[in-house]
Amino acid sequence: GPDSLRFGEMPVLRWMDDLWIFGDDEGDLRSLQVDVHRAAREADLELNLGKTKMLSEETLWSAVARVEHSAVDAALDVDPPDVAPLEDLLDRIIAAPEESDRTTIRFAMTRMRQQENNSRLDALVEIAPRAPHGADHLARAFRDFGIWKTHEDWYMEYVASPWSKFGWSVSQLGTMFPTATRPSKRIRQKFAEFVSGKVEFPLFALAVQRLSAWDSGLAGELLHEVVKIADHPQERRIIALAAAAARQEPTFIRRILGEYDENRVT
C-alpha cells in the first residue's frame, strides 16, 4: 500500500519466519512496526510482540552472530556436512581478526575442531597475533591440530615481538603445548624464563604448571628460588600447587602456603 512506500529504502532480510528490518531512525522503525502489525491483523495473523525487538549496537551484533551461528550448525547437520558456511565464517575472522568478537572466534574454533577441518589453519596462525582477545580459543585449535609440533619458531617470535606485552595472550597461546608431551629444550627453557621473570600471573601459572609436568627436577629448582621473592598470596599458591605436582617435599609446600592466611584453605 502507499504507507509501505515510506519504508522502501529500509533493507529487509528474512531468516526462516523472522523478518529483520534495518534503519537509522528508531521512530521510523517503530512506525513501521505498527504498520506491519496492522497489516498482519488485516490478514488474520498476529505478530509475536514478545519476540519483536529493537536492537542496536552490541545487542544487534550479538543477535546477528547467534543467527549466523545457527546457520553454520544447520549446514553442518546435513549428511554429508556442508562446511561452506563455516569456512565463510572463518574467512571473515581471518579478514578482520581485530573486529571479530570472542563469541564468534570461540564458536568457529569449536566447530572447526569438531569437524576436523583444517582448511584455514595456516591463515589462522598468521592472524593470531592480531586477535589477542581470542588467543585461548585459537590455542585449543592449534593444540588439537598439532600446530605446536611445527611452530615453535612462530611462538618464540611471538614472545619476542611487541605482542608479548599482552601477557594473557602469550600465556593462552602457550597452552597449545600440551602437558602430556614434552616439547623441545628451547621451549622448556623459555618457560623456565617465564618462571624466573616477573611475568603476569596467567603466564607464570602456565609456565610452572607445564614445567612441573615436563621436567619436575628443573621445576623444583626454580620454585625453590622464585618463592624467595614471591610476595603475593596468589603467586605463592601457584608455586605451592606446582610444587605438589612436581612432587616436592610436603614441608616446603606447607611453608609456602602457611605464611598467608589467604592460603589457609589451600
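Quick caveat: nothing in here was measured; it's all calculated off a predicted structure.

Rules behind the numbers
Residues numbered from 1 in each chain as written. Predicted model: local features only at pLDDT ≥ 70, side-chain atom pairs only at ≥ 80, totals over all residues. Heavy atoms only, no water. Helix = DSSP H or I, 4+ residues; strand = E, 2+ residues; numbered from the N terminus. Rg over C-alpha atoms; globule rule 2.2 N^0.38 Å. Buried < 20%, exposed > 50% of the residue type's maximum accessible area, 1.4 Å probe, protein only. Contact = heavy atoms within 4.5 Å. Areas by Shrake-Rupley, 256 points an atom, 1.4 Å probe, with all protein chains shown as cover. Axes fitted to C-alpha atoms, helices over the stretch in contact; angles between N-to-C directions. Parallel < 35°, antiparallel > 145°, perpendicular 65-115°, else oblique. Left-handed = near helix turned anticlockwise from the far one by under 90°. Nonpolar A, V, L, I, M, F, W, Y, C, P; charged D, E, K, R; others polar. Polar contact = N/O pair within 3.5 Å; in protein donor to acceptor, adjacent residues only side chain to side chain. Phe/Tyr/Trp six-rings, centres within 6.5 Å; stacked < 30°, edge-to-face > 60°.

In terms of helices and strands, the protein chain carries 14 helices and two strands. Here the C-alpha radius of gyration of the protein chain, 26 Å, is well above what a compact globule of 266 residues would show, namely 18 Å. The principal-axis extents of the C-alpha atoms in the protein chain amount to approximately 85 × 45 × 35 Å. Out of the 266 residues in the protein chain, the part that is buried amounts to 41%. Considering only intrachain contacts with a sequence separation of at least 6, the fraction spanning at least 24 residues in the protein chain is 60%. Counting every atom, the protein chain has about 15,700 Å² of accessible surface; 51% of that belongs to carbon and sulfur.

Our next topic: the side chain of Glu 235. Note on placement: Glu 235 falls in helix α13 (residues 233-245). Setting aside its immediate chain neighbours within four residues, Glu 235 contacts Lys 198, Phe 201, Phe 204 and Ala 230.

Another point: the packing of helix α10 (residues 185-196) against helix α11 (residues 201-214). At a minimum axis separation of 8 Å, α10 and α11 run at an interaxial angle of 135°. Comparing the axis directions of α10 and α11 gives the class oblique. Remark: the crossing between α10 and α11 carries left-handed chirality. Contacts from Ile 187, Arg 188, Phe 191, Ala 192, Phe 194 and Val 195 in α10 reach Leu 203, Phe 204, Leu 206, Ala 207, Val 208, Arg 210, Leu 211 and Trp 214 in α11. The class makeup of the residues in the contact of α10 with α11 is twelve nonpolar, no polar and two charged.

Let's shift gears to helix α12 (residues 216-226). Of all the residues in α12, the buried ones are Ala 219, Gly 220, Leu 222, Leu 223 and Val 226. Of the surrounding secondary structure, the elements contacted by the buried residues of α12 are α10, α11, α13 and α14 (250-258).

Within the element layout of this structure, Arg 41 appears in helix α1 (residues 26-42). Linking Arg 41 and Ala 75, residues 34 residues apart in sequence, is a C-alpha distance of 34 Å. Of note is the side chain of Arg 41, whose polar atom sits 3.1 Å from the side chain of Glu 46.

On to the packing of aromatic side chains. The final tally for this structure, using the stated rule, is nine aromatic pairs. Summarising the aromatic geometry, the rings of Phe 177 and Phe 191 are spaced 6.2 Å apart at their centres and angled 90° between planes, so their arrangement reads as edge-to-face. Taken together, the residues span a long stretch of sequence, with Phe 177 in the loop between α9 (167-174) and α10 and Phe 191 in helix α10 at a distance of 14 residues. We classify Phe 191 as buried; its relative accessible area is 0%.

Turning our eyes to something else, we now look at the environment of Leu 203. Here Leu 203 lies in helix α11. For the pair Leu 203 and Pro 183, spaced 20 residues apart in sequence, the C-alpha separation works out to 17 Å. Ignoring sequence-local partners within four residues, the contact set of Leu 203 consists of Gly 167, Val 170, Ser 171 and Phe 194.

Another point: unusual backbone geometry. Each neighbour pair has its own omega, and for Asp 79 with Pro 80 the value is 0°, a cis peptide bond. Positive phi, normally seen in glycine, also occurs at Asp 44, with a value near 60°. Looking at the secondary structure, you find Asp 44 in the loop between α1 and α2 (57-76). Judged by its relative accessible area of 73%, Asp 44 falls in the exposed class. One non-glycine residue, Glu 116, lies in the positive phi region at around 55°. By the element assignment, Glu 116 lies in the loop between α4 (102-114) and α5 (121-127).

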